[in-house]
Amino acid sequence: MTRDFAPGSPFALLSSAETAAWYAYMKVHLRLEYELNRQLRADSGISLADYHVLVALTSASGGRMRVTDLAIRIGWERSRLSHHLKRMRDRGLVETGTAAEDRRGTEVVLSEAGWASLRQAAPDHVAFVRQTFLGVLESAELVQLTTLLDRVYDTLVEHGTLPRPEDHP
């Protein structure tokens, strides 16, 4: 797809191949975020943001993680996460408290209701991900996509402002 952009457009600074790749990525990214959120809300009553937090907590021992580490893990600003955790806590999905090891930080813990919500949401969510994303790619394409996305992720970590999460080798 070739597009002509006005001289002031940010896309005018990219080559046509770069523009095509970036535009394709942004179309998928924005639509995928919308559709994943819609699917989760319709099928399980939780948001995509809730799902990100719940899944990240499952990667931690005992479903417990310091808020700062959780923010790094899901790529959110700490203030955004704190506000979201309050809403999740009010709905009983997580619990928060003082960190046990040093009493200076705050920890978040996946509650029984959070585990139940995640177990209820996961099958329909995974089916939707397979139907709309993974299932349209051949096995070799999945391997290639994984390699390419890992390369981009590593560059983001190298040049970005967030450290690499402990569970992202």
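As a reminder, the structure under discussion sits directly above these lines.
Note that the structure is predicted; figures quoted are calculated from it, not measured.

Analysis parameters
Residues numbered from 1 in each chain as written. Predicted model: local features only at pLDDT ≥ 70, side-chain atom pairs only at ≥ 80, totals over all residues. Heavy atoms only, no water. Buried < 20%, exposed > 50% of the residue type's maximum accessible area, 1.4 Å probe, protein only. Helix = DSSP H or I, 4+ residues; strand = E, 2+ residues; numbered from the N terminus. Pairing = 2+ DSSP bridges. 1 Å grid on protein atoms, 1.4 Å probe; cavity = no way out; pocket = protein on both sides within 12 Å on 5 of 7 lines; lining within 4 Å. Points joined across faces, edges and corners; volume = space filled by probe spheres on them. Contact = heavy atoms within 4.5 Å. Patch = residues over 30% accessible without salt bridge, like charges linked within 9 Å, V, L, I, M, F, W, Y side chains within 5 Å. Areas by Shrake-Rupley, 256 points an atom, 1.4 Å probe, with all protein chains shown as cover. Salt bridge = Lys/Arg side-chain N within 4 Å of Asp/Glu carboxyl O. Axes fitted to C-alpha atoms, helices over the stretch in contact; angles between N-to-C directions. Parallel < 35°, antiparallel > 145°, perpendicular 65-115°, else oblique.

1. A closer look at the pairing of strand β3 (residues 106-110)
Then comes step 1: Across the five residues of β3, four count as buried, placing the element largely inside the fold.
Then comes step 2: Two elements, strand β1 (residues 64-66) and β3, share three bridges in a ladder whose sense is antiparallel. Note that in β3 the partner of R64 across the bridge is V109.
Then comes step 3: Pairing of strand β2 (residues 94-98) with β3 involves five bridges; the strand directions are antiparallel.

2. Focus on the layout of surface pockets
Then comes step 1: There is about 2,300 Å³ of room inside the largest pocket.
Then comes step 2: Surrounding the largest pocket, 45 residues form its lining, Y25, H29, E33, L149 and Y153 being those nearest its centre.
Then comes step 3: Elements represented by at least two residues in the lining of the largest pocket include exactly α1 (16-44), α2 (48-58), α3 (67-74), α5 (112-132) and α6 (139-159).
Then comes step 4: Surrounding the second largest pocket, 14 residues form its lining, M65, D69, P165, E166 and D167 being those nearest its centre.

3. Here we look at the side chain of Q39
Then comes step 1: Following the sequence through the fold, Q39 ends up in helix α1.
Then comes step 2: Judged by relative accessible area, which is 2%, Q39 ranks as buried.
Then comes step 3: Setting aside residues no more than four positions away along its own chain, Q39 makes contact with S44, D124, H125 and F128.

4. Describing a nonpolar patch on the surface
Then comes step 1: Together, L14, W22 and Y25 line one region of the surface with nonpolar side chains, adding up to about 300 Å² of accessible area.
Then comes step 2: Summarising the element assignment, W22 is placed in helix α1.
Then comes step 3: The partly exposed category is assigned to W22, whose relative accessible area is 45%.

5. Side note on the packing of α2 against α5
Then comes step 1: Direction vectors running N to C along α2 and α5 enclose 110°, while the axes themselves pass 10 Å from each other. By the angle class used here, α2 and α5 are roughly perpendicular. Across the interface between the two elements, Y51, L54, V55 and T58 from α2 touch G114, W115, L118, A121, A122 and H125 from α5.

6. Observations regarding the pattern of salt bridges
Then comes step 1: Within this structure, the stated rule accounts for five salt bridges.
Then comes step 2: We note a salt bridge from D90 to K86, for which the minimum N-O separation is 3.1 Å. Of the two residues, D90 and K86 are both situated in helix α4 (residues 78-90); the distance of four residues between them amounts to about one turn of the helix.
Then comes step 3: Across the pair D154 and R164 runs a salt bridge whose closest N-O atoms are separated by 3.1 Å. In this pair, D154 sits in helix α6 while R164 sits in the segment after α6, placing the two residues ten residues apart along the sequence.

7. A closer look at the sheet that holds β2
Then comes step 1: Pairing in this open sheet of three strands is antiparallel, and the strands run β1-β3-β2 from one edge to the other. The sheet is open, and its two borders are formed by β1 and β2, each paired with just one other strand. Averaged over neighbouring strand pairs, the angle between their axes works out to 25° when direction is ignored.
Then comes step 2: Sheet contacts for α2: β1, β2 and β3; angle to β3, the most-contacted strand, approximately 95°.
Then comes step 3: Together, β2 and β3 form the strand contacts of α4, whose direction differs from that of β2 by roughly 120°.

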